[in-house]
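These are the residues of each chain, in order.
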Amino acid sequence: LVDAMAAAPASPREPRARTRLRHRRRHAPAEASIRLLGCVLLAALRPAAGYDPQRRIETARLYGDVGDYAYYFIDMMVGSPIPQRASVIADTGSTICAFPCSGCEQCGKHLDASFDFSKSTTARWVPCGSGNRCASCQQGRCGYVQSYTEGSSISGSLLEDYVSLGDEFQSNPPVIARFGCHSKETKLFYTQRANGIFGMAPSSSGKASILQDLFKDKAHVDSSVFSMCLSEQGGLLTIGGNSSLHRAAPVWVPMQMRASYSVVLSSVSFEGDSSAVLSSDFGFTMVDSGTTFTYLPQPLYRKLSDAVTRFCKANQECGGKPSGSGCWTMDRKEDVEKFPSLRVKFRQGGGSMLWRGQSYMYRKTVNSNKWCFGFQDNGPVRETVLGATWMIGQDVIFDLNKGRLGLAPADCPSFVKRPAAPSRPISLPVPPGRPAASDKPAASGGGWMPHGGGAMLRWTQLPATPLLQGAALAALLLLALCGVLSLVRNLRAADAQARTLATAAAASAAAAGEGVSGGGGAKGVRRKRTSLSASPPAKRSGEESGERSPAPMPLHVWLTSSAPGSASATGSDSAVGHGPHSAASSDASPSGGGQDGRTRGRSGLPTRLRS
């Protein structure tokens, strides 16, 4: 808009460059303000996810919620030349990453199509032996089996291929990673909407997890740190650092990493009340994003639920109406803030965090006005699981280098609609020393090229809330309208100037033909003074033959006419948009899925609990 405003047509007697220079001198402060405002508004409209090449941090959108999906999941791009998308549950309580492959004997219907091995030119099955720990070996392929105590299980074969986090437009660098390809799913894995699971827990068997494969990519990932920021719907996963969405400095507490991420709790109390509601018997405490709710040993659960219920009875039912055990009907979402905030303290390090009602209370469904406790009874097991309802509204930072967990209140972004599946091929390198593919040729040279520029992608750190996006869009429309009006005003002024100069030229020619005697008022003479001189005006071409030069064409006529012999200006090429956002402009909203949760039982095996 600024360039168009500056490019108003110059008068026939004034060079275009001089007109543009005068315009820029006069409007330089306004142009700078418009450019700055445009950059800020575009930054606000960009999605809050993408690769930051300056800080070497990857970010990917999280989808899902507690009420409808009962889990949070991310998208993964797998294979080449055109990556295939797989939706996987973000789970800090397990280590395996796996999803269905085409031809699966017993797999459910999921959000994305099953991975087609034959469509990827870089995929290779992991062979048996050669130091690979295989649960089974079929047709020379290394197999895996993962069972859960509630009865669900997954099994299949391991393979290696290029994997990148997030959707196509986020441009996170792909790396060679090992993951599982389901050939059989049972129970919850069969019925859930997400394709598979993305385990981020530390491995106790010595096997490299997909998270470790990402951390090995030192050229694109800075350090062994990742963070999760969950909102009521969706959130943000960050690899290589934290999301910088928190509103205060993180509180750091020691974290153990032995097949899971665990901390030691000291007490739970009402904020502003020094007397502890819960003070002991938390047992082994793990941080597990794959578990829907926060599970407490039975005695602690009863104490906490009774304490919150009594508080609400003494304070106008916390702005709602009781609706069953541990549930309230709320007229407004904001009334959930009236539930008491809980101060959770950690034994080691002396840190604490605030667990607000917006986190430990969850909406039954997206459009429901019924809110219930997001903490549940873990039965006689002396074990605490800090699940997704404990993480909502917090930037939870897992610092694997220093063995610590960071917690900070944050404005976590919300994402509901997923962009379209990938449609463009990508250029991938073959890592040095990688074994040749056993079933198909490896990809040929060429470095990986990001889909977007670094400076633009740094804007993705800004949260994109619907309110902010709406305000930014309205401001952009207003800015565009102002620019168009300014352009029209400049064009009209130039047109008027051209008409005036045409009239002056015609009058000047007539006066020259009459010997410049008399005629014309003072106003006309003044306007013509710049074109008159003591000596007779030089003849133009055509005057010797008695022809009069045509007057300059008015601007409005010039704009709608074509020069003799030139092509008509009515047909113009339409601009075609390119770039990383073109494929992401079509959104498809996934439907809700069945409710399920994950925790770890007394036997040490992963446990998936129905909510």
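Read on for an overview of the structure. (Residues numbered from 1 in each chain as written. Predicted model: local features only at pLDDT ≥ 70, side-chain atom pairs only at ≥ 80, totals over all residues. Heavy atoms only, no water.)

**Describing empty space enclosed by the protein**
Okay, so step 1: Scanning the entire structure with this criterion turns up five cavities of 30 Å³ or more.
Okay, so step 2: Within this model, the second largest cavity holds a volume of roughly 60 Å³.
Okay, so step 3: Taken together, Leu265, Val268, Leu278, Thr294, Leu296, Leu304, Val344, Trp355, Leu386 and Trp390 form the lining of the second largest cavity.
Okay, so step 4: Within the residue set of the lining of the second largest cavity, elements represented by two or more residues are strand S16 (265-270) and strand S19 (294-296). (1 Å grid on protein atoms, 1.4 Å probe; cavity = no way out; pocket = protein on both sides within 12 Å on 5 of 7 lines; lining within 4 Å. Points joined across faces, edges and corners; volume = space filled by probe spheres on them. Helix = DSSP H or I, 4+ residues; strand = E, 2+ residues; numbered from the N terminus.)

**Topic: the state of the cysteines**
Okay, so step 1: One pass over the structure, following the stated rule, counts seven disulfides.
Okay, so step 2: A sulfur-sulfur separation of 1.1 Å characterises the disulfide bridge that pairs Cys101 with Cys181. One disulfide, between Cys101 and Cys181, carries an S-S torsion of 55° and so falls in the right-handed class. With Cys101 in the loop between strand S4 (97-100) and strand S5 (124-125) and Cys181 in strand S9 (residues 175-186), this residue pair connects regions lying 80 residues apart in the sequence.
Okay, so step 3: Taking relative accessible area as the criterion, Cys181 reaches 3% and is therefore assigned buried. (Disulfide = S-S within 2.5 Å. Buried < 20%, exposed > 50% of the residue type's maximum accessible area, 1.4 Å probe, protein only.)

**Considering the packing of aromatic side chains**
A ring pair, where both rings are aromatic, is described by two values, the distance of the centres and the angle of the planes.
Okay, so step 1: Per the counting criterion, the structure on display carries 20 aromatic pairs.
Okay, so step 2: Ring geometry for Trp355 against Tyr360: centres 5.5 Å apart, planes inclined by 70°, an arrangement best described as edge-to-face.
Okay, so step 3: Given a relative accessible area of 4%, Trp355 falls into the buried group.
Okay, so step 4: Aromatic rings pair up to connect Tyr301, Trp328, Phe339, Trp355, Tyr360, Phe373 and Phe375 into one cluster. (Phe/Tyr/Trp six-rings, centres within 6.5 Å; stacked < 30°, edge-to-face > 60°.)

**A short note on the nonpolar core**
Generally speaking, soluble globular proteins have nonpolar side chains that are buried together.
Okay, so step 1: Judged by nonpolar contacts, the single largest core of 85 residues is most densely connected at Met76, Phe198, Leu237, Phe339, Trp390 and Leu405.
Okay, so step 2: A total of six residues in this core trace back to one element, the largest contributor, which is helix H5 (residues 298-313).
Okay, so step 3: Excluding residues that lie within four positions of it along the chain, Leu237 makes contacts with Glu58, Thr59, Ala60, Leu62, Ile74, Leu165, Phe198, Met200, Phe226, Ser227 and Met228.
Okay, so step 4: Membership of the second largest hydrophobic core comes to 22 residues, among which are Ile96, Cys142, Ala194 and Ala410. (Core = buried A, V, L, I, M, F, W, Y, C linked by side-chain atoms within 4.5 Å. Contact = heavy atoms within 4.5 Å.)

**Re the pattern of salt bridges**
Okay, so step 1: The tally for this structure, following the rule as stated, stands at 15 salt bridges.
Okay, so step 2: The shortest N-O distance in the salt bridge between Glu168 and Arg424 comes to 3.2 Å. Placement of the pair is Glu168 in the loop between strand S8 (153-165) and S9 and Arg424 in the loop between strand S30 (418-419) and helix H8 (454-458), with a sequence separation of 256 residues.
Okay, so step 3: On the basis of relative accessibility, which here comes to 7%, the residue Glu168 falls in the buried class.
Okay, so step 4: Its relative accessible area of 24% is what places Arg424 among the partly exposed residues.
Okay, so step 5: Measuring nitrogen to oxygen at the nearest pair gives 3.1 Å for the salt bridge that ties Asp399 to Arg404.
Okay, so step 6: With a relative accessible area of 23%, Arg404 lands in the partly exposed category. (Salt bridge = Lys/Arg side-chain N within 4 Å of Asp/Glu carboxyl O.)

**Here we look at the pairing of S4**
Okay, so step 1: Two elements, S4 and strand S10 (residues 196-199), share two bridges in a ladder whose sense is antiparallel. Bridge pairing links Ala98 to Ile197 in S10.
Okay, so step 2: Note that S4 and S9 share three bridges and pair parallel. Across the sheet, the residue bridging to Phe99 is Cys181, located in S9. (Pairing = 2+ DSSP bridges.)

Treat this as a map of the structure, not an account of what it does.
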